[in-house]
Amino acid sequence: MQNPQSELIEIFVKSIRNIIHGNHVDGVELQLKEGKVIPFNLRVSITWDFQAHWRSETIAGGHGATINHGQNESSFDRQHEAYVNDAKYNKQNRYQFLNEFKNYGVEGLTCSSSDKTIKQYPSHSFWYNCSNCKGNGDVTCSGCHGSGRTNCHSCGGSGTTTETRYETDTWNNTTRTVITQISCFSCGGSGRDTCTGCRGSGRQQCSPCSGHGFFTYYRHTSVVAVPTAKYLLKSD
């Protein structure tokens, strides 16, 4: 079995080699001439800062969260502020976490290397009208500008189409071309067709809100313990 001191020295040298390797030098060029392990005491102090972290999202339409404030955005903001203050000042949030942390012993150093989520608040939300459709869910059709009708694609809106026929005079053995204007078969001579974009209603679904007329704004908030470590090293 390798001597623990020699093992520590080998780990240290290997770490230094990894650091310098590629920095205009090959790591293997570092050779150990002499090594000595000096006993030391290391005191680690972990300070936990308790904060509110949150994630927000917006959905077209949507259902209210566990706590829904209707269209009262001010009430929503007050709820968020209450969460932030509770996360920061409510001692009950931290007591259970710190008591559990004490049981980790030395392993607590590993656990304190990253943020820890210790509590999830009920999500809350509020509704607000779509600014594009003013809450109606539909807007004036862009294809017909609200009339429900568009120019006929066959006659271009004139109501007539050109008919060309050829007449042959067998007596004189001649053929002539006869061009006449006839009523458009597609639109019945009106020059207008039902708009395909709105099917004649003059309105079409609002794109930003997908026809809902409103959005739901959600916020998901949690209490997070953020660690800060301080190290005090003393050697004999």
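Before reading further, recall that the structure is shown in the block above.
Values in this document were obtained by computation on a predicted structure and should not be read as measured data.

**Thoughts on the overall build of the protein chain**
- Within the protein chain one finds four helices and 11 strands.
- The globule rule puts the C-alpha radius of gyration for 236 residues at 18 Å, and the 39 Å found for the protein chain is more than 25% above it.
- Structurally, the protein chain occupies a C-alpha span of about 130 × 60 × 30 Å along its principal axes.
- Counting the 236 residues in the protein chain, one finds 25% classified as buried.
- Contacts in the protein chain between residues far apart in sequence, at least 24 positions, make up 79% of those at least 6 positions apart.
- In the structure as shown, the protein chain presents an accessible area of about 16700 Å², 49% of it carried by carbon and sulfur atoms.
- Side chains of the protein chain carry 23 positive and 20 negative charges; the gap between the two charge centres is 7 Å.

**Considering the environment of Cys-141**
- Within the secondary structure, Cys-141 sits in the loop between β5 (138-140) and β6 (149-151).
- Put simply, Cys-141 and Arg-203 are 62 residues apart on the chain and 4.7 Å apart in space, counted from C-alpha to C-alpha.
- Once you skip the residues sitting within four places of it in the chain, Cys-141 turns out to touch Gly-146, Cys-195, Gly-197, Cys-198, Gly-202, Arg-203 and Gln-204.

**Things to note about the side chain of His-69**
- Within the fold, His-69 resides in the loop between β2 (67-68) and α2 (73-89).
- Assessed through its relative accessible area of 12%, His-69 is described here as buried.
- For His-69, the side chain forms a polar contact with the side chain of Ser-75, separated by 2.7 Å.
- Beyond its immediate stretch of four places on either side in the chain, His-69 contacts Ser-75, Phe-76, Gln-79, His-124, Ser-125 and Phe-126.

**Here we look at the state of the cysteines**
- Going through the model one piece at a time under the given rule, you end up with zero disulfides.
- A disulfide-free cysteine, Cys-130 has its sulfur positioned 3.8 Å from the sulfur of Cys-206, the nearest such atom.
- The thiol of Cys-152 is not disulfide-bonded; the next cysteine sulfur, from Cys-184, is found 3.8 Å away.
- A residue is classified by how much of its surface remains accessible, and Cys-152, at 1% relative accessible area, is buried.

**What to know about unusual backbone geometry**
- With a phi close to 60 degrees, Lys-134 is a non-glycine residue in the positive phi region.
- Within the fold, Lys-134 resides in the loop between β4 (124-129) and β5.
- The class of Lys-134 is exposed, set by a relative accessible area of 61%.
- Phi at Arg-199 takes a positive value of approximately 60 degrees, unusual for a residue other than glycine.
- Checked against the element boundaries, Arg-199 lands in the loop between β9 (192-194) and β10 (203-205).
- Residue class for Arg-199 comes out exposed when judged on its relative accessible area of 76%.

**So, α2**
- Compared with an ideal rise of 1.5 Å per residue, which puts 17 residues at 24 Å, α2 spans 24 Å between its outermost C-alpha atoms and is within 8% of the ideal.
- Residues of α2 that are buried include every one of Ser-75, Phe-76, Gln-79, His-80, Tyr-83 and Ala-87, and no others. Projected onto a plane normal to the axis of α2, the buried residues spread over an arc of 145 degrees and lie on a single side. Structural note: α2 exposes Arg-78 and Tyr-89 on the side pointing more than 90 degrees away from its buried face.
- One side-chain oxygen of the residue at the start of α2 lies 3.2 Å from the amide nitrogen of Ser-74, identifying that residue as Asn-72.

**Remarks on the packing of α2 against helix α3 (residues 91-102)**
- Running from N to C, α2 and α3 cross one another at 45 degrees; their axes reach a closest spacing of 6 Å. On the basis of their axis angle, the class for α2 and α3 is oblique. Judged by residue contacts, Asp-86, Ala-87, Lys-88 and Tyr-89 of α2 engage Lys-91, Asn-93 and Arg-94 from α3.
- Here the residues of the contact of α2 with α3 are counted per class, giving two nonpolar, one polar and four charged.

About the cut-offs
Residues numbered from 1 in each chain as written. Predicted model: local features only at pLDDT ≥ 70, side-chain atom pairs only at ≥ 80, totals over all residues. Heavy atoms only, no water. Helix = DSSP H or I, 4+ residues; strand = E, 2+ residues; numbered from the N terminus. Rg over C-alpha atoms; globule rule 2.2 N^0.38 Å. Buried < 20%, exposed > 50% of the residue type's maximum accessible area, 1.4 Å probe, protein only. Contact = heavy atoms within 4.5 Å. Areas by Shrake-Rupley, 256 points an atom, 1.4 Å probe, with all protein chains shown as cover. Lys, Arg positive; Asp, Glu negative; His and termini not counted. Charge placed at Lys NZ, Arg CZ, Asp CG, Glu CD. Polar contact = N/O pair within 3.5 Å; in protein donor to acceptor, adjacent residues only side chain to side chain. Disulfide = S-S within 2.5 Å. Expected span 1.5 Å × (residues − 1). Arc of directions from axis to C-beta. Axes fitted to C-alpha atoms, helices over the stretch in contact; angles between N-to-C directions. Parallel < 35°, antiparallel > 145°, perpendicular 65-115°, else oblique. Nonpolar A, V, L, I, M, F, W, Y, C, P; charged D, E, K, R; others polar.

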